[in-house]
Each structure stands twice: as C-alpha cells, then as structure tokens.
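Structural characterization, general
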Amino acid sequence: MPTLHVNGKTVFFEAEPDTPLLWVLREQLGLTGTKYGCGIAQCGSCTVHVDGAPVRSCALPLAALNANQKIVTIEGLSPDGSHPVQKAWAALDVPQCGFCQSGMIMAAAALLAAKPQPTDADIDAAMSNICRCGTYNRVRAGIKQAAAAKS
Amino acid sequence: MLQELELSRRGFLGAGAGLVVGFHVAAPGEAQAQAAAQPPEINAWVRVLPDDRVLIRIVRSEMGQGTLTGLAQLVAEELDCDWSKVGTEQPTPGQSLARNRVWGNFSTGGSRGIRESQDYVRKGGATARLMLVQAAANEWKVPVAECRTARGVITHQPTGRRISYGQVADAAGKLPVPTEVALKDPKDWTIAGQPLLRLDTKDKLTGAQVYGMDLKLPGMLNAAIKDCPVFGGKVRSFDAAAIARRPGVKKVVPVGDSAVAVVADTWWHAKTALDALPIVWDEGPHANASSAAFAAVLKAALDAPEAVVGTSNGDARAALAAAPRKLEAVYAYPHQNHATMETMNATARWTPQRCEVWTPTQNGEAALAATAEAAGLPAAQCEVYKINLGGGFGRRGAVHDWVRQAVAIARELPGTPVKLIWSREEDMLHGRYHPVTMCKLQAGLDAQGNLQALHMRIAGQSILAGVFPQNVRDGRDPVVFQGLNASGPEASIGYSVPHLLIDHAMRNPSVPPGFWRGVNLNQNAVYLECFLDELAHATKQDPLAFRLKLMGSHPKHRAVLEAAAKGAGWGTPAPAGVFRGIAQTMGFGSYVAAVAEVSVSSAGELKIHRIVAATDPGHVVNPQQVAMQVEGSFVYGLSAALYGECTLKNGRIEQSNFDSYPVMRLAQMPKVETIAVPSGGFWGGVGEPTIAVAAPAVLNAIFAATGVRIRELPLKNQSLKKA
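Rules behind the numbers
Residues numbered from 1 in each chain as written. Chains lettered and ligands numbered in written order. Predicted model: local features only at pLDDT ≥ 70, side-chain atom pairs only at ≥ 80, totals over all residues. Axes fitted to C-alpha atoms, helices over the stretch in contact; angles between N-to-C directions. Helix = DSSP H or I, 4+ residues; strand = E, 2+ residues; numbered from the N terminus. Parallel < 35°, antiparallel > 145°, perpendicular 65-115°, else oblique. Left-handed = near helix turned anticlockwise from the far one by under 90°. Contact = placed C-beta atoms within 7 Å. Nonpolar A, V, L, I, M, F, W, Y, C, P; charged D, E, K, R; others polar. Buried ≥ 20, exposed ≤ 12 C-beta atoms within 10 Å, placed from the backbone. Pairing = 2+ DSSP bridges. Domains from an automatic or database assignment.

Turning next to the packing of helix 2 (residues 84-92) of chain A against helix 5 (residues 136-150) of chain A. All names here are of chain A. Contact pair helix 2 / helix 5: the axes reach a minimum separation of 8 Å and the direction vectors enclose 125°. Judged on the interaxial angle alone, helix 5 and helix 2 are oblique. Between helix 2 and helix 5 lies a crossing of right-handed hand. The residues of helix 5 that touch helix 2, namely those facing Pro-84, Val-85, Lys-87, Ala-88, Trp-89, Ala-91 and Leu-92, are Arg-138, Ala-141, Gly-142, Gln-145, Ala-146, Ala-149 and Lys-150. Across the contact of helix 2 with helix 5, the residue classes break down as nine nonpolar, two polar and three charged.

Each regular strand carries side chains that alternate between the two faces of the sheet. All names here are of chain B. Of all seven residues in strand 8 (residues 221-227), seven are buried, a share of seventy percent or more. Burial of the side chains of strand 8 extends over both faces: Leu-221, Ala-223, Ile-225 and Asp-227 are buried on one face and Asn-222, Ala-224 and Lys-226 on the other. Pairing analysis gives three bridges linking strand 8 to strand 18 (residues 418-421), with the strands arranged parallel. Looking across to strand 18, one finds that Asn-222 is bridged to Lys-419. Both strand 8 and strand 11 (residues 259-264) contribute to a ladder of six bridges, which runs antiparallel. When the bridges of strand 11 are listed, Ala-223 appears paired with Val-263.

A few words on the interface of chain B and chain A. Chain B puts 45 residues into the contact, and the matching count from chain A is 44 residues. Looking at the side of chain B that touches chain A, the elements that each hand over two or more residues are helix 7 (267-276) and helix 17 (623-642) of chain B. When residues of the side of chain B that touches chain A are assigned to their parent elements, the largest contribution, eight residues, is made by helix 17 of chain B. Grouping the amino acids of the side of chain B that touches chain A by side-chain chemistry returns 22 nonpolar, 14 polar and nine charged.

Here helix 7 of chain B lies mainly inside the structure; eight of its ten residues are buried. Where helix 7 of chain B is concerned, the buried positions are Trp-267, Trp-268, His-269, Ala-270, Lys-271, Thr-272, Ala-273 and Leu-274 of chain B. Where helix 7 of chain B is buried, its residues meet helix 1 (21-28) of chain A together with strand 8, strand 10 (249-255), strand 11 and strand 18 of chain B.

Residue and element names in this part refer to chain B. Residues Leu-713 and Pro-714 are joined by a peptide bond in cis, for which omega reads 0°. Here Pro-714 shows up in the segment after helix 18 (691-706). Positive phi, close to 55°, is recorded for Asn-100, a residue that is not glycine. Among the secondary structure elements, Asn-100 is positioned in the loop between helix 4 (93-98) and helix 5 (118-140). In this structure, Asp-474 takes a positive phi of about 50° despite not being glycine. Mapped onto the elements of the fold, Asp-474 is located in the loop between helix 13 (463-467) and strand 21 (499-506). According to the C-beta neighbour criterion, Asp-474 is exposed, with 5 such atoms within 10 Å.

On to the domain arrangement of chain A, then. Residues and elements named next belong to chain A. Under the domain assignment used here, chain A contains domain 1 (3-76) and domain 2 (84-150). In this complex, domain 1 contributes 15 residues to the contact, which on the side of domain 2 involves twelve residues. For the side of domain 1 that touches domain 2, the secondary structure elements donating two or more residues are strand 3 (47-50) and strand 4 (53-56). Looking at the side of domain 1 that touches domain 2 element by element, the count peaks at three residues for strand 3. Classifying every residue of the side of domain 1 that touches domain 2 gives six nonpolar, eight polar and one charged.

Quick look at the structure:
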C-alpha cells in the first residue's frame with residue numbers, strides 16, 4: 001500500500017503509482033485545500049512543500065515520492081492559521097476569490113523560508129502562481145509584511 | 001479600529017463558525033434550509049440570535065469581488081448593529097421561489113451586486129431596526145421616539161434603560177414589517193463607507209474554504225466530460241468497452257448529442273479513463289471554421305451598407321465627405337476565455353421526484369432554472385445550493401451549460417450524487433468567449449484640428465444573439481454600444497462630436513459568446529480611446545487637452561479623467577524613459593479613467609510601471625474593496641491586452657491551457673494607484689469598468705514611447721520596436 005508523510009503524519013491509501021500527488025491529497029486524503037487549476041504545473045494552485053521546497057503537485061506522480069519525504073500542504077502550514085504569511089494575508093485582505101491562495105501562500109512561505117528578506121526580484125522570480133482576480137500587488141505587500149514581522 | 005474589529009471578529013467566529021456560515025458542507029442543504037423563515041427572523045434580510053449575533057442574508061454571489069461584505073455593511077449600517085457580531089447566510093433559490101422572490105434578483109454580473117440591490121437591502125436593515133426598537137418600546141411601554149440604537153443595543157433615553165437586539169429579537173420578529181422607512185444619508189455612515197476587512201477571508205488562508213470542486217457528499221461519484229471540440233459537432237460513437245476495466249470506472253454516459261462523460265470513483269480515474277476513451281466525432285457544419293476566415297468576414301462588414309445605428313447626431317457621412325482633413329483606422333479585438341482559476345463544476349443528485357445541485361454560480365436562480373429543465377422536473381422539486389466560486393468573471397452567470405451536463409449525468413445514476421469537474425482543457429475549449437469584433441473609425445477634422453465628424457463602425461459578434469437571442473430585436477443588440485450610448489445612466493459616451501455615427505454590422509461566428517468581465521466596454525474603449533489618441537497626435541495636440549475640448553457637456557466623465565491625470569502628474573515630466581498614455585470611459589453606471597506609465601526597451605520589451613486609475617461609482621461602500629477591484633481589474637484587463645487571444649482553427653479553439661493561453665503574472669504587475677472620487681447621487685458598479693481603460697491607456701503610452709500604434713490585440717503578437 002502506498003505510504004506518504006503528510007503534514008506530520010504517515011498516511012496510507014490506495015492509488016496507482018502514476019497518480020499525481022495533487023489527486024492523492026484531494027481524493028485519497030481529503031486535503032482539498034490544495035487546488036487543481038491546470039494539471040500541467042503552469043498555474044501553481046497545487047503548490048505544496050516537499051522537504052521544504054515548493055512543488056507543483058499536479059505534475060508530480062506518486063511514483064516519484066517516498067515516505068521519507070516530508071510533504072506539507074496548506075492545511076499543515078500552521079495549526080491555526082498563524083504562519084506569518086497567513087497573518088500578513090489576513091491583515092492585508094489579500095485573497096479575492098481565494099482559489100489560488102493556497103498555492104500562493106505555500107509559495108510565499110517557501111520563499112521566506114529560503115530567503116527571509118526577499119527582494120522584489122526574488123519575489124518576482126518565486127511567485128509565478130497565476131491569480132485571475134488580481135491579488136498580485138497585495139501578495140507582494142503580504143510577503144514584505146511577513147518578512148518584516150519575522151525579522 | 002480595523003484591527004480591533006478584526007480581533008473581535010476572530011473571537012466571535014471561533015466561538016461558533018458553523019452557525020455563522022450559511023452553507024454547511026457536512027450536512028448539505030441543512031444549514032441553507034435554516035435560512036428560510038426560521039426564527040428569530042426579524043425580516044427576510046436579518047436574523048438576530050439570542051446571543052446578539054446578527055445574520056444577514058445575501059443572495060448575490062461572492063466570487064472574490066467583495067459583494068458579500070459590502071452588502072452586509074449596507075444592511076448593518078441601517079440596522080445599527082455591532083459589526084463584530086455580523087455573519088452572513090445565503091438563502092437558496094428554492095427558498096426564494098417559495099417566498100415569492102423576497103430577496104430579489106440573484107444575478108451577480110454586470111457589476112450589479114451592490115448598485116442594484118443597495119436600496120432594498122438597506123431598507124431591509126432599516127425596517128429590521130424599527131421592528132427591534134418597537135419591540136423594546138412595547139416591552140418598556142414607552143414611545144418609540146424616546147429610544148435610540150447603537151451597536152446592537154437599544155437605549156431608552158429618558159431612563160437610561162438598555163436592552164440588546166438579541167433580547168427583543170423574538171418579539172420583533174412577530175411585528176409587522178414597516179412599509180415606510182427612511183434611509184440614512186451616506187454622509188452619516190459609520191459601517192458602510194469604511195475600509196473594513198472582508199468577512200470571508202479566514203478560511204481562504206487555511207485551505208478550509210470549500211469551493212464547488214472540493215465538495216464531498218456521502219456515496220458521491222466523480223465525472224469527467226469531453227464535449228465535441230468543434231463547435232456545433234456531435235458524438236458519432238464511442239467505445240465504452242475499451243475503458244470498462246480501468247480502475248474505478250463505473251459508467252460511460254453520452255451527455256446530450258455532443259458530449260461523453262466517464263463516471264468513476266475518483267475524478268482522476270474518470271479523467272484518465274476519458275482520455276483513453278475512443279470517441280469518433282461528427283464535426284458538423286463548422287468543421288473548417290477559422291479565425292482567419294472569420295476576420296475576412298469582419299473586414300467586409302466594416303464597409304457593409306447594412307448596419308444597425310446605435311448613436312447618431314448630425315450627419316456624419318456628409319460631414320466626413322466635406323471635411324478638409326480625414327483620418328481613418330481599423331482596430332481588432334479577439335476572442336478571449338474567462339479562464340476562472342476554478343474550472344466549471346457541479347455536483348448533482350437526481351431522483352424521479354427531486355433534483356439537487358451544488359455549484360459555484362453567479363446566478364442561483366438561473367442555475368435552478370437550468371437544473372429543473374435538465375432534470376425534467378418542476379422547479380419546486382429542485383434545489384440549488386450555491387458554493388463558493390473560484391472566480392466568475394461572467395462565465396458562471398448567464399449560461400449554466402455545466403449544470404445541465406451534471407444533471408444529465410446524474411439522471412443516469414438515480415439517487416447517487418455525481419460531481420462533474422471540467423479539466424482545464426475542457427474549460428478552455430468550451431468557454432463562452434469574449435466576442436470578436438473589428439472597428440473602423442473615420443474622423444473629419446477642421447483646419448484647426450477640431451473633431452467635427454466621427455463614424456465608428458463596429459463589425460462583429462453579438463453576445464445577446466448567442467446568449468439571450470430573444471433580446472435581439474430587428475438585428476439590434478443594444479449591449480454592443482456599451483460606453484458609446486448617446487446618454488443614460490449606464491454606459492454613455494463622454495464626448496460631444498458635432499456629427500457622430502456609431503453603428504454595428506452583426507456577424508456571428510461558430511464560437512459561442514459570453515459576458516466577459518467588462519463585456520463590450522473593453523473593446524469599445526480601445527477603439528474610441530486609442531483613435532482619439534491618434535487624432536490628438538496627428539493634430540499635434542496633447543491627448544488630455546484634445547479630449548477635454550470634447551467633454552464640455554460631460555462633467556462627470558471629465559472630472560474623473562482630470563482626477564486620473566492629476567494623480568499621475570500628467571503634464572509634468574515622467575521618469576526618464578517612461579511615457580504616459582491616458583483613457584477614460586463610462587460603463588456599469590460608473591465613470592472611470594486611467595493613466596499608464598510604460599517604457600519600451602530598444603529590443604521592444606514592454607514594461608508597465610504604474611497605473612493611476614480614477615473611478616466615480618457615485619457611492620463607495622468599502623474603499624478597500626473598491627481599491628482591490630480596481631487593482632484586480634488591471635490584472636484582468638492587462639492580461640487581456642498583453643496575451644488574451646483564443647483562435648479558431650479547424651472549427652476548434654487552439655488554446656487548451658495556460659501554456660498556450662498565458663496570463664499576466666506577478667512579475668509583470670505594475671503599481672496600481674486607485675483614486676475614488678464618488679460624487680454621490682447615483683450608484684455605479686466597481687468590478688468591471690476600470691478593466692476597459694487598462695488596454696487603451698497602455699496602448700496610448702506605447703505609442704508615446706515608440707511611435708508604434710497598436711491596433712490589434714493582444715500585444716504578444718505585435719512588435720514594439722520603435723517606429
């Protein structure tokens with residue numbers, strides 16, 4: 001039986017090895033905070049952390065993962081929505097429809113973990129997630145606010 | 001103040017979020033059913049619980065535009081309740097039907113959410129307040145006139161006695177609803193008009209928010225669908241046996257005569273089985289249709305003798321013929337897909353007696369009508385539960401094609417809930433596209449460079465003809481002239497030209513059109529605002545000054561244009577290498593203008609540095625939400641200007657995902673400065689109008705930077721190397 005380590009727990013489930021991590025999370029593990037947007041790693045709605053790195057889970061088959069890798073989804077980012085990115089997002093009212101925001105938040109959290117004080121160029125490079133409502137400027141401001149809160 | 005409100009809200013929501021949210025996924029339909037006449041309902045708009053929590057009913061859909069919060073602010077303002085205790089709930093279309101449409105129109109498009117319902121929702125709050133006061137006065141046996149309200153507490157002024165709304169809610173709910181009620185003057189607002197944080201953010205930060213795609217019902221199956229990729233085509237045959245043994249596959253069902261769906265235990269199983277399903281299409285009458293061929297049709301229509309006149313004064317044709325100087329240009333605007341981040345989806349459960357649908361929709365009532373029709377049942381035996389939308393932009397409003405499909409699939413599995421999710425590819429190939437048009441503009445100028453005559457011939461697709469053909473009379477689609485109407489409170493032209501003719505030669509391709517955020521204002525503003533810019537440059541006049549000369553009789557348009565110009569420093573030097581462009585228009589009841597600052601490298605690379613956008617929507621219910629909508633409208637409008645294009649080849653759309661249909665990303669996003677200049681006396685929309693000035697302001701700035709005049713969108717197809 002396939003086994004993964006997700007949000008601090010070892011989980012067991014049924015899925016074929018070519019199933020993308022996204023659909024394991026959503027349909028086998030009930031973690032629907034991670035979204036399907038394109039299925040070809042273009043939009044970033046499905047971004048999760050694998051050993052701390054931001055990964056587009058829609059294009060990552062189960063066969064490429066093992067149970068030693070630590071997967072974190074939006075549900076596991078913080079126990080109570082208190083990650084600095086989530087707090088900054090709440091203070092600035094970043095989300096509009098919110099559908100892309102799980103991926104945005106995960107990408108932003110990974111960026112800040114790697115670069116606690118990112119420059120605008122760092123933000124440009126790391127935040128390639130698509131938002132159609134138009135939250136980009138507040139995403140940028142949110143990352144800066146979260147960085148300031150951490151420093 | 002903001003922080004204080006937010007903190008108390010958190011404590012409050014944390015205490016009983018399940019009661020506050022109108023839709024409860026764990027028990028589908030139950031919580032929404034509570035939104036019926038359940039006590040302690042004060043009136044249709046307001047419930048007050050014994051612990052003083054206030055639940056405000058909202059039927060317009062929330063798709064990110066902030067209407068949920070804005071409408072709640074308007075009700076709470078008139079109610080004089082404690083904003084930190086406000087929650088919302090969403091009555092269902094079925095409940096509305098059963099109560100004689102007491103909540104009015106559910107339709108959430110055309111930037112109408114606030115402006116069209118503000119009057120009756122404010123009255124709902126105001127009458128509820130009167131009833132609560134009356135109940136307190138009755139209990140105290142004192143005149144109503146001696147009672148005051150503030151933050152959900154009624155005070156009898158002479159004695160200082162106080163009682164909370166929650167304590168008199170039961171009694172208030174039994175009183176008759178007053179028919180006459182005075183509304184507050186907006187200048188006295190303390191809840192409305194404030195930049196309050198949204199009510200619906202918390203769950204969007206933790207993954208807890210349930211979108212239609214995330215719904216899970218007991219015993220639910222999942223479906224993936226493929227409609228004939230050629231518009232107007234049909235299914236000739238499919239080989240269900242070929243995929244019958246794939247994991248999880250339950251059933252392969254034809255949907256209508258043009259689509260096939262695979263139902264499986266998981267969506268991934270359904271989708272991959274569908275990909276493997278052999279399908280033979282009958283590509284139908286439009287198998288050879290192409291954008292290139294249709295462009296020739298549009299081009300011919302630019303000079304067709306037959307056209308429907310939209311706006312006309314003077315004698316433009318004669319004045320053009322006699323003008324000492326003439327200028328002419330042809331512009332083109334392509335098909336575009338809404339590309340909501342959440343693809344179309346619906347969950348349906350059908351039995352011979354009842355059909356229920358859970359779906360993200362911009363119009364619950366239209367979704368219910370589509371459900372009833374597809375279910376073969378009366379509407380009274382159907383129900384639609386609206387779920388959070390992962391974007392709407394018009395795609396989820398008028399045509400509920402995906403709902404009909406979901407119901408048709410569910411009919412094949414009576415009693416079993418089936419969740420249909422479109423793949424991104426299905427969503428791209430079966431959109432309801434921004435209409436394709438071209439426009440020929442001819443201007444006649446006098447010797448001093450004054451615009452004397454203008455003929456604007458729009459050739460192309462009618463949204464109404466595709467979506468509401470019953471509203472097209474004598475070949476006239478009035479929506480085509482959005483922003484170009486001679487007058488009126490919705491979308492009037494901001495210029496007076498002595499001889500003006502604006503007409504439309506309708507030509508409809510096989511591509512189905514839809515209302516796309518900004519609708520026809522988008523291309524009309526490009527056509528008119530860029531051409532006026534051409535005229536200004538051709539006559540060596542400042543583009544702002546040239547416009548202002550034509551705007552003497554249009555003070556609201558003019559004021560907004562001047563506000564944008566002033567905010568951007570028009571007339572003062574821009575940073576080195578940066579050039580400005582300007583545009584204005586009116587639509588959805590609001591006046592808008594923008595100045596764009598761009599630079600173009602010697603290699604032709606465009607950078608949009610800054611947008612200054614001004615808007616006069618009459619009243620501003622939440623300045624922060626207005627700013628967010630304006631910022632968002634530039635993401636949508638600039639995505640369209642830079643990249644937005646769906647092309648037809650061999651009868652099908654060529655762009656199937658975000659790799660072939662790119663959109664703007666964060667790195668390209670300019671600063672957006674929003675200037676709200678509400679002048680009062682009317683109510684305009686906010687979600688759409690500023691989209692329309694995004695493209696022309698940028699195109700005009702590109703000309704200022706390069707001398708290159710772009711007349712065909714999107715920009716990705718154009719070279720910006722200096723002329």
